[in-house]
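Here is what each chain is made of, one letter per residue.
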Amino acid sequence: MPSFATQQSLFRAYDIRGSHQHFTTDFIQALGHAFAHLYHASHRHPIQCNLKNNALMPNMIQNTDSEQIIVVIGYDVRCGSDTIAQKLATILTQCGIQVIQLGLITTPMMVFWAEQHQGHGIVVTASHSAKDILGIKWLVNHQSPSSTEIQGLYQQLLYQKLNGSHLNHSAPQQSNIQKSNIQKSCLQKDNKAQNKPLSASDALINNHQMHLSAEQVATTYIDAIVQVFKQLYPYNNQASITHTTDSRQTFSKLDLVVVIDCMHGATSNIAQHLFERFCQHVIMLNDIPDGHFPTGNPDPTEPHRLKQLQQSVVTHQADIGIAFDGDGDRLMIVDNNGKVVTPDHLLYLLAQVALTERPEFLTDSQLPSQILFDIKCCHHLPKLITELGATAVMSKTGSSLIRRRLQQSNNQIIFAGELSGHFIFNDGYFILYDDAMYAALRLLHWLGHTANSDKISPNLAIIIHGLPVIVSTADHYLPLPETALTDCSIVERLIRLCLYLQQLIKATSLTSTHTEHQPIIDCAVSECTCSAKKPYITLQQAQYLLPVGTKLSCIDGVRLDFAHGFGVLRQSNTSHNLTARFAGDSIEDLKDIQAKFAALCHPFDEDLAAQIMAIPPE
């Protein structure tokens, strides 16, 4: 029996992802049963396990509850994703779970359909990763899993192995006719097998697995988004509503020329249909689903990845260029001059959209709305957000971590974004998820309507030109330095050093009457217990490395905010690397900040210091 030791690396901080060779038949089989256990447990359904010795798992009894668990399942364009999705669907069906197969979809579309039922869903996707990578994302009770829960799923695989069999969950008793229907449904491997639109609630009465047509999956999703914008801009369709009952004809289109690059990913099948409902002129690039990704990795944040989109925007004199990643949860845009808009500036624009269009119940709140951004975003954002009348909140990196925080914020955090291109509206109009297509439409409508009414130029390049200049490096990956088992990591050492320097400067500043020059410390004392020695640094050196007013944040690695820029060095959640980003108001500021970080790291790792200095600006 396989040990699945090689698969442990697939269970990452946010999802399951890794080389396709690790997704063996045995692994997928075991994973399907682990998912079945997970969904049954989430409903507090005791599970009967028909092991070889007919024993039951501890504390488990037979499920007698007649309520059926419903899980939606879809997949991306990658070679092999559809096969994995079908195998998982078959196993869940055998375990008494009702499965709705959605076919080729984006991750946000899976979330949308999960929200129509019990909040359970699985999508086989590796997002923006290279073509030879496979992966799986999922929801349980409307929530993405935490890193601890992802590791718990792996432990469930090991438990199943130790007990000599996969779990075999008991399903409710069915008639022979119902069993026959289930067997026939399990053999349907092509979404096109059912062209006639079906009612999900009707179809689930007699089947444990059903396939929705591609048309129904897309149309229901699109119609829901149409209703959002009818609610946001009722004046834009009042006249036509009185003349027709066809929802497709009651929304006047934006007079914008939009170029969209799907990068051959999962948005390829739906983006044109969706955006043509709202925009008069839509030009598509790379919109044929292709798991070989002939134009490159489906990652719009990669350097130079948007060159084709930039050229197309200029050629067609378009108002905006839009790019989506492989599973439709990342967004990047190009302005009407063909220039890539930094994620920092895009986050600010979308935050302005969220604040401008927030519903009345949030506007009337006594508490100010909050805008959340991850620790890799630039130093200008807090001030810009404050100028919008909101409170800026910095977060650890990780879209699943941010989504959980939004769910717990009681709508006070109205919008959140990451440098990686994940943007989430939390204003109650649509699903609480980083849906890149939906976020792009919110921006387009703001440009087409609200910006004009607020006497803001709808010219995107002019809007961006009015924002502070950002001269930055990309989010750069650096090899994680090796340390002895008894030593702290490089990040822990850097935290300890920065705290020491801050305290040294603060102690010196106590002799001064200018209290405003005291350093700002936003870090708890490190819990590291290693015996790392602090390098000898003079007060003058300390004041250069961390000038007065420098803000230190340690919520996720080390971030230093200076008067004219910032830098962040942290350990990646998804790979054995450090990630670093630096930004300044000018190229000189950028180089100075890189030099400061290099000097701080030099006592611990000279190679790392040299690598930091070598990172080029974008």
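In case you missed it, the structure is sitting above this.
Residues numbered from 1 in each chain as written. Predicted model: local features only at pLDDT ≥ 70, side-chain atom pairs only at ≥ 80, totals over all residues. Heavy atoms only, no water.

Caption draft 1: A look at the overall build of the protein chain. Secondary structure assignment for the protein chain yields 20 helices and 21 strands. The burial tally for the protein chain puts 55% of its 618 residues in the buried class. Summed over its atoms, the accessible surface of the protein chain is roughly 26,400 Å², and 50% of this surface lies on carbon and sulfur atoms. (Helix = DSSP H or I, 4+ residues; strand = E, 2+ residues; numbered from the N terminus. Buried < 20%, exposed > 50% of the residue type's maximum accessible area, 1.4 Å probe, protein only. Areas by Shrake-Rupley, 256 points an atom, 1.4 Å probe, with all protein chains shown as cover.)

Caption draft 2: Representation of the state of the cysteines. If you walk through the whole model with that rule in mind, you get zero disulfides. Free cysteine: C378, not disulfide-bonded; nearest cysteine sulfur from C377 at 7.1 Å. For C378, a relative accessible area of 2% puts it in the buried group. You can see C498 has no disulfide; the closest cysteine sulfur is in C554, sitting 7.2 Å from it. C498 sits in the buried class, given a relative accessible area of 0%. (Disulfide = S-S within 2.5 Å.)

Caption draft 3: The arrangement of the pairing of strand 3 (residues 98-104) in detail. For strand 3, the tally of buried residues reaches six of seven residues, placing the bulk of the element in the interior. Bridge count between strand 2 (residues 70-75) and strand 3: six bridges; the pairing is parallel. The residue of strand 3 that forms the bridge with V72 is I100. (Pairing = 2+ DSSP bridges.)

Caption draft 4: View of the sheet that holds strand 8 (residues 279-285). Pairing is mixed in the open sheet, where four strands are placed in the order 8-7-9-10. The sheet terminates laterally at strand 8 and strand 10 (331-334), the two strands that pair on one side only. On average, each strand axis in the sheet is inclined to that of its neighbour by 25°, with strand direction left out of account. As defined by bridge partners, strand 7 (residues 254-261) adjoins strand 9 (residues 320-324) across four bridges and the pair is classed as parallel. Bridge pairing links V259 to G321 in strand 9. On top of the sheet, helix 10 (residues 307-315) reaches strand 7, strand 8, strand 9 and strand 10; it is set at about 155° to strand 9, its chief contact. (Axes fitted to C-alpha atoms, helices over the stretch in contact; angles between N-to-C directions. Contact = heavy atoms within 4.5 Å.)

Caption draft 5: The packing of aromatic side chains, seen in detail. The final tally for this structure, using the stated rule, is 18 aromatic pairs. Here F112 and F430 contribute two aromatic rings whose centre-to-centre distance is 5.9 Å and whose plane-to-plane angle is 25°, an arrangement assigned as stacked. Here F430 lies in the loop between strand 14 (423-425) and helix 15 (436-453) and F112 lies in helix 3 (residues 107-115), a separation of 318 residues in the sequence. A relative accessible area of 5% means that F112 is categorised as buried. Arranged with centres 5.1 Å apart and planes meeting at 65°, the rings of F582 and F597 form a pair that is edge-to-face. Of this pair, F582 sits in strand 21 (residues 577-584) while F597 sits in helix 19 (residues 587-601), and the two are 15 residues apart along the sequence. Across this residue pair, the class does not change: F582 and F597 are buried. Members of the aromatic cluster, joined through ring pairs, are F112, W113, Y221, F229, F278, F415, F423, F425, F430 and Y438. The ring of F425 carries R442 above its face, with NZ or CZ at 4.3 Å from the centroid. (Phe/Tyr/Trp six-rings, centres within 6.5 Å; stacked < 30°, edge-to-face > 60°. Lys NZ or Arg CZ within 6 Å of the ring centre and 35° of its normal.)

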